[in-house]
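Structural overview
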Amino acid sequence: MPRHWWQRTAQPSPDTVRPDLLAWAQAVDVSRLSDKTVREAEDYLRKYRHMMLQRSRYEGWRLMEIIEAQVSPAPPVGIHPLDVIATVLAVRRQQLGIG
């Protein structure tokens, strides 16, 4: 039986996540991530949908550069900034035992 648009799950299945992003998430060290960067990243994830597209892209790439300088190893090439930002925040919460 076909599913309607409102019956689809909001969360992507794990099969849709790039394998290199999953591998990076398991290996990334976020201990040097500053509190300021975390606050900016959280703010960005809350507000990017309401930003003008150009502003949203600019802020996403700006944050990705900051994050790349504070984590190791660097994220895989070709990963979208939203994925990098969300992954880093999730790993940090997990390492701190939050959420």
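Residues numbered from 1 in each chain as written. Predicted model: local features only at pLDDT ≥ 70, side-chain atom pairs only at ≥ 80, totals over all residues. Heavy atoms only, no water.

Let us look at the confidence of the model for the protein chain. Residues at a pLDDT of 70 or more form 84% of the protein chain, whose mean pLDDT is 88. The secondary-structure element of the protein chain with the lowest mean pLDDT is helix α4 (residues 81-96), recorded at 93, while helix α2 (residues 35-47) shows the highest, at 97. (pLDDT = per-residue confidence, 0-100. Helix = DSSP H or I, 4+ residues; strand = E, 2+ residues; numbered from the N terminus.)

Another aspect to go through is helix α3 (residues 53-70). Over its 18 residues, α3 runs 26 Å from end to end, which matches the ideal 26 Å to within 8%, given 1.5 Å per residue. In this fold, the buried residues of α3 make contact with α2 and α4. (Expected span 1.5 Å × (residues − 1). Contact = heavy atoms within 4.5 Å.)

A word on the side chain of threonine 87. Looking at the secondary structure, you find threonine 87 in helix α4. Taking the relative accessible area as the measure of exposure, threonine 87 reaches 12% and is therefore buried. (Buried < 20%, exposed > 50% of the residue type's maximum accessible area, 1.4 Å probe, protein only.)

Scanning all chains against the criterion turns up 8 salt bridges. With its nearest N and O atoms 3.8 Å apart, the salt bridge here joins lysine 36 to glutamate 40. With lysine 36 and glutamate 40 both in helix α2 and 4 residues apart, this pair spans about one turn of that helix. Given a relative accessible area of 23%, glutamate 40 falls into the partly exposed group. With a shortest N-O distance of 3.2 Å, arginine 62 and glutamate 40 are connected by a salt bridge. Here arginine 62 is found in helix α3, whereas its partner glutamate 40 is found in helix α2, with 22 residues between them in sequence. Counted as one network, the salt bridges with shared partners bring together Lys36, Glu40, Arg55, Glu59 and Arg62. (Salt bridge = Lys/Arg side-chain N within 4 Å of Asp/Glu carboxyl O.)

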